[in-house]
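Here's the letter readout for the chains.
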Number of protein chains: 2
Amino acid sequence: MVNTLYLPELREMLAEENAAELREFSIALHPARTAEFMEGLNAAETWAVLQYAEPAVRQSIFPYIGRDKQIDILESHDRAEIADLVAGLPPDDRVDLLQDVREEIVRELLPLLPTEERRDILRLQAYPEGTAGAMMTTSVVRLGEDLSVRDAMTALSRQAEEVETIYYLYIVDATDHLRGVVSARKLVAAIGKPDLRLRELMETDVTSVTTLDDQEEVARKVAHYDLHAIPVVDSERRFVGIITHDDVIDVLREEATEDAQRIAAVAPLEESYLRTSLITLSRKRGVWLSVLFFGALFTAMALDRYDAALAQTSWLVLFIPLVISSGGNSGSQSATLIITAMATGDVTLGDWYRVVRRELVMGLLLGGFLALFGFAASFLFGPRHEPAHLLILPITLVLVVLTGTLCGASLPLVFRRLGLDPAIMSNPFVAGIVDILGIIIYMNVALNVFAWTS
Amino acid sequence: MVNTLYLPELREMLAEENAAELREFSIALHPARTAEFMEGLNAAETWAVLQYAEPAVRQSIFPYIGRDKQIDILESHDRAEIADLVAGLPPDDRVDLLQDVREEIVRELLPLLPTEERRDILRLQAYPEGTAGAMMTTSVVRLGEDLSVRDAMTALSRQAEEVETIYYLYIVDATDHLRGVVSARKLVAAIGKPDLRLRELMETDVTSVTTLDDQEEVARKVAHYDLHAIPVVDSERRFVGIITHDDVIDVLREEATEDAQRIAAVAPLEESYLRTSLITLSRKRGVWLSVLFFGALFTAMALDRYDAALAQTSWLVLFIPLVISSGGNSGSQSATLIITAMATGDVTLGDWYRVVRRELVMGLLLGGFLALFGFAASFLFGPRHEPAHLLILPITLVLVVLTGTLCGASLPLVFRRLGLDPAIMSNPFVAGIVDILGIIIYMNVALNVFAWTS
């Protein structure tokens with residue numbers, strides 16, 4: 001929803017070139033709110049408003065502007081001005097942004113940036129997407145362990161406005177290896193002892209990630225240890241940056257969306273739903289739909305084998321969808337419960353025996369329950385002349401629901417064991433397998449009951 | 001996975017009553033790590049180790065111990081000792097914990113707590129679960145706007161060890177109304193101007209939530225504004241507490257799990273999968289399975305109406321599972337894409353027209369694609385004598401997949417419009433509706449083609 005509250009005023013200020021009021025607008029609110037109020041402006045107008053803001057303010061608002069508009073601004077304005085803006089953005093946001101900008105523009109921008117920022121961009125760009133290296137920021141407070149509390153406060157005060165977080169001071173040695181961490185909390189509490197060395201204050205048991213760790217691992221550690229930020233070290237254990245909690249929140253939201261999409265057999269989208277092109281969307285969905293279609297062909301083959309039985313007892317056909325959807329539904333319940341329990345760490349591979357035992361009981365309970373309904377349904381639509389045939393549907397439902405819970409629970413475990421993402425063992429897959437088994441079970445139960453009663 | 005690395009050493013230290021080493025163990029690592037190393041100990045042993053730690057250290061480790069063991073410790077040890085421990089826990093964790101402890105134990109503990117802590121617990125317990133009030137902590141730095149930077153630093157230093165976050169100083173007036181916020185970053189940067197008043201430093205445009213706001217709304221705001229903590233105000237806009245980013249991370253993980261469970265037609269579990277009793281689990285699954293079963297009964301009714309056509313053309317039966325699973329799969333893809341896009345705010349109700357138009361195109365594209373496969377499948381298993389009948393399956397697939405994408409995309413929007421959680425419009429529901437429509441479409445296409453060709 002676009003906030004249109006101040007749009008007329010903003011446009012009027014722009015028309016009047018009212019510098020005083022536009023500058024006031026740029027600093028009156030939280031940068032995210034300022035950006036919200038500008039949502040209705042086009043890229044050129046947005047940039048015009050930002051021209052009136054001081055460089056630091058402009059840099060604080062810019063990250064909250066929609067990505068499309070950011071790219072538009074970057075691509076269509078004077079490179080030198082843009083380079084100033086880009087140089088002042090947080091290093092991690094900057095790299096993400098440049099990844100979306102046309103390559104030739106980035107090539108023109110890079111030489112205009114200060115050396116340090118340019119190197120930083122090239123270094124961060126080198127890490128594959130989805131790794132700690134690609135998420136981290138390099139703007140961080142590094143101090144030596146011999147510094148006193150007084151000097152550390154001075155250093156912190158000087159850097160406070162620039163660095164990504166002041167919550168932790170990272171203590172490094174001459175070779176950039178991480179020696180320890182001092183929280184701002186501890187430093188502030190120690191103001192009364194200004195001559196204390198950081199060495200006395202620092203925690204030496206530091207939880208860190210390496211540059212190539214997966215972003216899910218980063219999120220897990222930050223959440224588990226309740227951290228504000230986690231340090232990142234390279235393959236030689238040198239301290240290269242930090243990842244802050246706000247980036248972890250973004251990852252958690254992204255991963256939750258991706259998992260949900262995988263569970264529903266959509267290859268995860270890189271962009272938002274509305275911004276993904278129909279071509280990309282149809283490719284990401286079509287691939288899995290086709291795979292599932294070929295899986296479902298086996299149901300046709302299975303039914304083909306029981307042609308004679310079906311032709312002879314036509315009421316059997318009526319319950320085919322009911323049987324396979326009952327199996328599919330109980331299977332996707334089990335699969336989702338196990339996938340989410342593994343994602344939060346509640347279930348690990350070592351729990352497989354407990355999981356299977358629980359799902360065995362669940363399958364019998366739920367199947368037994370549905371069998372009661374199935375018995376009633378048989379009365380209504382099913383065999384009218386042969387009472388024993390009323391048992392076909394109930395027996396089938398118990399077996400099919402049991403098959404559903406066991407397949408649904410064990411396939412994600414098997415996938416995890418094979419080193420694959422359990423979310424790919426998505427519900428449609430479980431349902432596909434259970435569909436085929438369901439038909440085979442249904443037909444065999446029917447044939448056996450026919451044999452007993454004839 | 002239980003970390004067994006130090007278990008023998010820990011047990012030996014306990015047996016020897018080695019106070020020095022046990023105290024050393026309690027402070028050597030991050031409290032979360034210390035708790036991990038004790039995972040293999042039972043509740044009594046864990047409590048024995050904690051006896052050797054200083055009270056503040058004990059209070060820092062305790063929140064990381066597994067909930068079962070926490071409850072066991074609370075319920076089975078001397079009330080006075082336990083009261084000391086409980087009094088020192090962070091207010092929000094404390095309330096969560098006491099909710100899980102047997103009521104009579106809580107009644108015995110409360111009178112043993114200091115007045116302030118007791119009132120705090122009773123106040124926080126009054127808020128319904130899932131609201132901002134139930135999530136917040138009351139331990140926070142409150143200062144007046146006339147304080148100087150120097151005095152604020154002193155006040156902060158004094159409280160640093162106790163409060164939940166030092167990242168923000170909250171500026172309140174005499175009636176506890178929030179006047180503004182000063183970030184620790186700004187305060188530290190202003191150390192060079194010790195006589196500046198906080199009034200000059202504070203942000204007055206403060207994003208806050210009210211005590212009864214839903215936890216999802218809290219998470220959305222914290223993520224959107226990249227906050228470390230968000231202030232909570234009561235119905236009279238008085239400042240009552242804050243919610244910190246680590247609690248928001250927990251909420252995001254919890255909500256992702258709940259949404260996934262709802263999508264798969266399981267009523268969300270309150271506890272982890274393995275700790276939920278089989279009775280509870282079968283109730284939470286059985287309710288939805290039964291609802292879906294009755295929905296699926298309509299497929300039997302639908303098929304019953306086309307009894308004659310099916311008896312006459314037996315190959316039609318073979319493709320029933322294939323047709324309904326193709327519709328169900330494309331429907332759950334659409335539903336999940338729209339549910340996740342709404343959860344992240346990428347799609348709002350106002351976008352309904354764009355969504356429906358996109359899914360119309362997607363349905364035709366994907367349906368057309370599957371129709372090609374369907375044509376081939378008809379050759380293999382289908383009508384062998386009547387070439388025109390080869391068109392039945394392809395035409396059906398286009399229409400069924402289109403029905404799937406349109407139902408899948410629009411039902412979550414309709415649910416949101418009615419004020420319900422779109423995740424409840426779970427994939428099995430969409431699949432259930434598409435199953436019935438799929439059968440009706442399939443049979444009508446067949447009857448029409450038969451009519452043309454006869």
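The numbering scheme is per chain: residues are counted from 1 as the chain's sequence reads. To label them, take the chains in the order written and letter them from A, then take the ligands in the order written and number them from 1. In keeping with the model being predicted, local features are shown solely for residues with a pLDDT of at least 70 and side-chain atom pairs are shown and tallied solely at 80 or more, while totals for entire chains, interfaces and linings include all residues.

J.: Give a detailed account of the overall build of chain A, specifying residues and quantitative values.
T.: Counting its regular elements, chain A contains 23 helices and six strands. Here chain A has a C-alpha radius of gyration of 31 Å; the compact-globule value for 454 residues is 22 Å, and the former is much larger. Here the C-alpha coordinates of chain A stretch approximately 95 × 60 × 35 Å along the principal axes. Our exposure labels follow a C-beta count within 10 Å of each residue's own C-beta, placed from the backbone: buried means 20 or more other C-beta atoms, exposed means 12 or fewer, and partly exposed covers the counts in between. Among the 454 residues that make up chain A, the fraction classed as buried is 45%. Each residue gets a C-beta atom placed from its backbone, and two residues are in contact if those atoms lie within 7 Å. The long-range fraction of contacts in chain A, counting pairs at least 24 apart against all pairs at least 6 apart in sequence, stands at 71%. Strands are runs of DSSP state E lasting at least 2 residues, helices are runs of H or I lasting at least 4, and numbering of each runs from the N terminus. C-alpha atoms define the radius of gyration, and 2.2 Å times the number of residues to the power 0.38 defines the globule rule.

J.: Please set out the packing of helix H23 (residues 427–453) of chain A against helix H20 (residues 320–343) of chain B residue by residue, giving values where relevant.
T.: Two elements in contact, H23 of chain A and H20 of chain B, have axes whose closest approach is 11 Å; the angle formed by their N-to-C orientations is 165°. Taken together, H23 of chain A and H20 of chain B sit at an angle that is classed as roughly antiparallel. For the element pair H23 of chain A and H20 of chain B, the recorded crossing hand is right-handed. Touching Pro428, Gly432, Asp435 and Ile439 of chain A of H23 of chain A are Pro321, Ser325, Asn329 and Ser332 of chain B, all from H20 of chain B. The residue classification treats Ala, Val, Leu, Ile, Met, Phe, Trp, Tyr, Cys and Pro as nonpolar and Asp, Glu, Lys and Arg as charged. All others, Gly included, are polar. Its residues assigned to classes, the contact of H23 of chain A with H20 of chain B shows three nonpolar, four polar and one charged. Inter-axis angles, ranging from 0 to 180 degrees, are taken between N-to-C directions of lines fitted to C-alpha atoms, where helices are fitted over the stretch in contact. In what follows, roughly perpendicular refers to angles from 65 to 115 degrees, roughly parallel to angles under 35, roughly antiparallel to angles over 145, and oblique to any angle outside these ranges. Note on convention: near helix rotated counterclockwise from far helix by under a right angle means a left-handed crossing. Clockwise means right-handed.

J.: Any chance you could break down the sheet that holds strand E1 (residues 142–143) of chain B for me, citing the residues and the numbers?
T.: Residue and element names in this part refer to chain B. A strand pair is defined by DSSP finding two or more bridges across the two strands. If you trace the three strands from one edge of the open sheet to the other, you get E1-E2-E3, paired in mixed fashion. Because the sheet does not close on itself, it has two edges, and the strands there are E1 and strand E3 (178–183). Note: E1 against strand E2 (residues 168–172), two bridges, orientation parallel. Bridged to Arg142 within E2 is Tyr170.

J.: Explain the domain arrangement of chain A to me, and be specific about the residues and the numbers.
T.: As far as domains go, chain A holds domain 1 (7–126), domain 2 (142–243) and domain 3 (273–453). What counts as a domain boundary in this text is fixed by an automatic or database domain assignment. The centre of domain 1 of chain A, based on its C-alpha atoms, is set 30 Å off from the matching centre of domain 2 of chain A.

J.: Lay out the confidence of the model for chain A in plain terms, naming residues and giving numbers.
T.: Residue and element names in this part refer to chain A. Confidence per residue, as judged by the predictor, is encoded in pLDDT with a range of 0 to 100. Summary statistics for chain A give a mean pLDDT of 86 and a share of 98% for residues scoring 70 or more. Per-element mean pLDDT across chain A ranges from 80 in helix H18 (residues 307–312) up to 94 in strand E4 (residues 209–210). Scored as a whole, the predicted complex attains pTM 0.72, and scored at its interfaces, ipTM 0.72.

J.: Describe the interface of chain A and chain B, and please don't skip the residues or the numbers.
T.: Listed by partner, the interface residues are 101 residues for chain A and 102 residues for chain B. The element contributing the most residues to the side of chain A that touches chain B is helix H17 (residues 278–305) of chain A, with 15 residues. Split into classes, the residues belonging to the side of chain A that touches chain B amount to 58 nonpolar, 28 polar and 15 charged.

J.: Lay out the relation of the copies chain A and chain B with the relevant residues and their values.
T.: C-alpha atoms of residues with pLDDT of at least 70 in both copies form the basis for the least-squares superposition of the copies. In the superposition of chain A on chain B (RMSD 0.1 Å, axial shift 0.0 Å), the rotation amounts to 180°. Viewed as a symmetry operation, the transformation between the two copies matches a two-fold axis. Residue by residue, 100% of the interface of chain A is reproduced at the interface of chain B, so both copies engage with the same surface.

J.: Before we move on, could you go through the pairing of strand E5 (residues 229–233) of chain A and cite the residues and values that matter?
T.: All names here are of chain A. With respect to burial, E5 is a largely interior element, five of its five residues being buried. The alternating pattern of E5 places Ala229, Pro231 and Val233 on one face and Ile230 and Val232 on the opposite face, and all of these are buried. Strand direction decides the pairing type here: E4 and E5, joined by two bridges, are parallel. Looking across to E5, one finds that Thr210 is bridged to Val233. Between E5 and strand E6 (residues 239–244), which pair antiparallel and follow one another directly, the connecting turn spans five residues, one of which, Arg237, has a positive phi of 65°.

J.: Can you break down helix H15 (residues 215–224) of chain B residue by residue, with the values?
T.: Side chains three or four residues apart in an α-helix point the same way, a direct result of the helix having 3.6 residues per turn. What H15 of chain B keeps buried is the set Gln215, Val218, Ala219, Val222 and Ala223 of chain B. Each buried residue of H15 of chain B sits inside an arc of 125° when the element is viewed along its axis, so together they form one side. Contacts made by the buried residues of H15 of chain B are with helix H16 (245–263) of chain A together with helix H11 (132–135), strand E4 (209–210), strand E5 (229–233), strand E6 (239–244) and helix H16 (245–263) of chain B. Once H15 of chain B ends, the next one or two residues include Asp226 of chain B, with phi positive near 50°. Starting at the helix axis, one direction is taken to each C-beta atom, and the arc is that of these directions.

J.: So, the environment of Ser235 of chain A: which residues are in play, and what are the values?
T.: Residue and element names in this part refer to chain A. Mapping Ser235 onto the fold places it in the loop between E5 and E6. You can call Ser235 exposed: it has 8 C-beta atoms within 10 Å. A sequence separation of 154 residues divides Ser235 from His389, and the C-alpha atoms of the two residues are 68 Å apart.

J.: Explain the nonpolar core to me, using residue names and the numbers behind them.
T.: By convention in this section, buried Ala, Val, Leu, Ile, Met, Phe, Trp, Tyr and Cys residues joined through C-beta atoms within 7 Å make up a nonpolar core. Core analysis: the biggest nonpolar cluster contains 234 residues, and Leu187, Ile243 and Ile338 of chain A together with Leu187, Ile243 and Ile338 of chain B have the highest contact counts within it. Discounting residues that sit within four places of it in the chain, Leu187 of chain A has contacts with Val149, Ala152, Met153, Leu169, Val182 and Leu201 of chain A.

J.: Which residues make up unusual backbone geometry, and what are the values?
T.: Positive phi is not limited to glycine here, since Glu17 of chain A has a value of about 50°. Along the chain, Glu17 of chain A falls in the loop between helix H1 (7–15) and helix H2 (19–28). Even without being a glycine, Arg237 of chain B presents a positive backbone phi close to 65°.

J.: Which residues make up the pairing of strand E3 (residues 178–183) of chain A, and what values do they have?
T.: Residues and elements named next belong to chain A. The pairing of strand E2 (residues 168–172) with E3 spans five bridges and is classified as antiparallel. Of the residues in E3, the one forming a bridge with Val172 is Leu178. What sits between E2 and E3 in their antiparallel hairpin is a turn of five residues, with Asp176 showing a positive phi close to 70°.

J.: Let's hear about the packing of helix H21 (residues 352–381) of chain A against helix H22 (residues 392–417) of chain A: which residues, and what values?
T.: Residue and element names in this part refer to chain A. For the pair H21 and H22, interaxial distance at closest approach is 7 Å and the crossing angle is 150°. Viewed along their axes, H21 and H22 adopt a mutual orientation that is roughly antiparallel. Between H21 and H22 the crossing geometry is right-handed. Classifying every residue of the contact of H21 with H22 gives 20 nonpolar, seven polar and one charged.

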